[in-house]
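# Coordinate analysis (summary)
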Amino acid sequence: MVNLDLRAFVVTDNKYLYQTFFNVCKNKNIKLDYYCSNDSDNIFANELSAGTIKKISVKEDYNFLLKNYYMGFSCHSKQIFPKQLVNKIVCVNIHPGLNPYNRGWYPQVFSIINKKPIGVTVHLMDEKIDHGAIIYQEELTISENETSLQVYERLLKLEKDIIEKNIDNILSQNYESFFPENNGNYNSIKDFQKLCQIDLNEKLTFKEAIDRLRALLHQPFKNAYFIDSNNNKIYLRLELLKETIEQ
Ligand code: 0FX
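### Some thoughts on the layout of surface pockets
Where empty space is left in the structure can be found by rolling a water-sized probe over the atoms. Roughly 1200 Å³ of internal volume is contained in the largest pocket. Surrounding the largest pocket, 40 residues form its lining, His76, Ser77, Lys78, Trp105 and Tyr106 being those nearest its centre. Listing elements by their share of the lining of the largest pocket, those giving two or more residues are helix H1 (15–25), strand S5 (90–95), helix H5 (107–114), helix H6 (148–171) and helix H7 (189–196). A per-class count over the lining of the largest pocket returns 19 nonpolar, 14 polar and 7 charged. Looking at which domains feed residues into the lining of the largest pocket, each of domain 1 (7–187) and domain 2 (189–235) supplies at least three.

Written out as structure tokens, the structure is:
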């Protein structure tokens, strides 16, 4: 029997996943409240003025969350949840990567390059980033002609499917969880920024160079660039056109 007083919170900085959660949960017995980061005005201008989402600093206001909610979600949130929060109530992260591989920033970018598995992970949060016991996980395969944007769009769709299918069990905390065999690897935003600056003297195979450029192809962002002899930043975009060869 669900306690009708129970409320859960969702912290997100991603519009698509906010809408997914909102639509899936609007008629549930357990009510969800939505929060975004203080600098997410541009993403949620309409929702902020309508009051359907509110700003929060999780680091400063975790006591408010502890007082008002029995559990919470981090769903592409820019904020790191403090240990005082994740160690006290169940916090669940919806992450566009296949833990423990390429934890942290932009998993698909790194998976295109280093070939580590990619997918979606729903896991219980602990003090470390994208770390903790896994509840649900699904892997995707990356094709040789896919860009970061194409893989990312498939990851978002998979996250939506997993939320729709499992939200009732997550909210009622009716699931089993398991720990990955090791801590895998973590990539920071600095690691991503390093990838973006192309060293014109770096020696790579064509395959490695194409992988690097398609991993950094994610319009409208300008990622890969080199510095020319006049000290200009020259951004690069690769075009991959697939044509099936008749046998
Ligand atoms: O919602 P999200 O996928 O990212 C969010 C948080 O911003 C991030 O801090 C957190 N680690 C992640 C799990 O959730 O949106 P995004 O707009 O930050 O990035 C989406 C994709 O866009 C990313 O996977 C790669 C690409 N991208 C993004 C930026 C900002 C680029 O290729 N270049 C960029 O400069």
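### Some thoughts on the nonpolar core
Judged by nonpolar contacts, the single largest core of 46 residues is most densely connected at Phe21, Phe73 and Leu171. Per-element accounting of this core gives the leading share, 9 residues, to H6. Three or more residues apiece are contributed to this core by two domains, here domain 1 (7–187) and domain 2 (189–235). Those residues within four positions of Leu171 in sequence are excluded, and the remaining contacts are Ala8, Lys28, Ile30, Leu32, Tyr70, Met71 and Phe73. Val58, Tyr62, Leu85 and Val86 belong to the second-largest nonpolar core, a separate cluster that totals 14 residues.

### Let's talk about the site of the ligand
Around the ligand sit Asn14, His76, Lys78, Pro96, Trp105, Tyr106, Gln108, Tyr152, Phe192, His218, Phe221 and Asn223, and that is every residue in its neighbourhood. In the environment of the ligand, an oxygen atom lies 3.0 Å from a nitrogen or oxygen atom belonging to the side chain of His76. Asn223 is positioned such that a nitrogen or oxygen atom in its side chain is 2.7 Å from an oxygen atom of the ligand. The fraction of the free accessible surface of the ligand (670 Å²) that becomes covered by protein chains is 79%. Placement of the ligand is best described as lying within the largest pocket. Of the residues in the shell around the ligand, the class split is 6 nonpolar, 5 polar and 1 charged. Taken together, domain 1 (7–187) and domain 2 (189–235) each give at least three residues to the shell around the ligand, which thus spans both.

### Points about a nonpolar patch on the surface
Taken together, the side chains of Ile80, Trp105, Tyr106, Ile129 and Tyr186 make up a nonpolar region of the molecular surface, amounting to roughly 450 Å² of accessible area. Among the structural elements, Tyr106 can be located in the loop between strand S6 (103–104) and H5.

### Points about unusual backbone geometry
One can expect most non-glycine residues to show negative phi and most peptide bonds to be in trans. Across the junction of Asn99 and Pro100, the peptide omega takes the value 10 degrees, indicating a cis bond. With respect to the helices, strands and loops of the structure, Pro100 is situated in the loop between S5 and S6. Backbone torsion omega between Gln219 and Pro220 reads 10 degrees, so that peptide bond is classified as cis. On the secondary structure map, Pro220 appears in the loop between helix H8 (206–215) and strand S10 (225–227). One non-glycine residue, Gln173, adopts positive backbone phi at about 55 degrees. Structurally, Gln173 is set in the loop between H6 and strand S9 (186–187). Among the residues examined, Gln173 registers a relative accessible area of 33% and is labelled partly exposed.

### A look at the domain arrangement of the protein chain
Split into domains, the protein chain comes out as domain 1 (7–187) and domain 2 (189–235). A separation of 28 Å is found between the C-alpha centroids of domain 1 and domain 2. For the domain 1 and domain 2 pair, buried surface summed over both sides reaches about 1300 Å², with 66% attributable to carbon and sulfur atoms. Among the residues of domain 1 in contact with domain 2, Phe110, Ile113 and Leu149 are the three that bury the most area, contributing 30% of the side total. Here domain 1 and domain 2 share 1 salt bridge between them. Asp211 is the salt-bridge partner of Lys115, the closest N and O atoms lying 2.7 Å from each other.

### Examining the pattern of salt bridges
On inspection of all chains with the given rule, the structure shows 13 salt bridges. If you follow the salt bridges from partner to partner, you end up with Lys115, Lys207, Asp211 and Arg214 in one network.

### Overview of the packing of H5 against H7
Closest axis-to-axis distance for the H5/H7 pair is 11 Å, and the angle between their directions is 55 degrees. What the angle tells us is that H5 and H7 run oblique. Handedness of the crossing formed by H5 with H7: left-handed. Along the contact surface, H5 presents Val109, Phe110 and Ile113, while H7 presents Asp191, Phe192 and Leu195. Each residue belonging to the contact of H5 with H7 can be placed in one class, and the counts come to 5 nonpolar, no polar and 1 charged.

Rules used throughout
Residues numbered from 1 in each chain as written. Predicted model: local features only at pLDDT ≥ 70, side-chain atom pairs only at ≥ 80, totals over all residues. Heavy atoms only, no water. 1 Å grid on protein atoms, 1.4 Å probe; cavity = no way out; pocket = protein on both sides within 12 Å on 5 of 7 lines; lining within 4 Å. Points joined across faces, edges and corners; volume = space filled by probe spheres on them. Helix = DSSP H or I, 4+ residues; strand = E, 2+ residues; numbered from the N terminus. Nonpolar A, V, L, I, M, F, W, Y, C, P; charged D, E, K, R; others polar. Domains from an automatic or database assignment. Core = buried A, V, L, I, M, F, W, Y, C linked by side-chain atoms within 4.5 Å. Buried < 20%, exposed > 50% of the residue type's maximum accessible area, 1.4 Å probe, protein only. Contact = heavy atoms within 4.5 Å. Near = heavy atom within 4 Å. Polar contact = N/O pair within 3.5 Å; in protein donor to acceptor, adjacent residues only side chain to side chain. Areas by Shrake-Rupley, 256 points an atom, 1.4 Å probe, with all protein chains shown as cover. Sits in = over half its atoms within 2 Å of the grid points. Patch = residues over 30% accessible without salt bridge, like charges linked within 9 Å, V, L, I, M, F, W, Y side chains within 5 Å. Salt bridge = Lys/Arg side-chain N within 4 Å of Asp/Glu carboxyl O. Buried area = accessible area lost by both parts, 1.4 Å probe. Axes fitted to C-alpha atoms, helices over the stretch in contact; angles between N-to-C directions. Parallel < 35°, antiparallel > 145°, perpendicular 65-115°, else oblique. Left-handed = near helix turned anticlockwise from the far one by under 90°.

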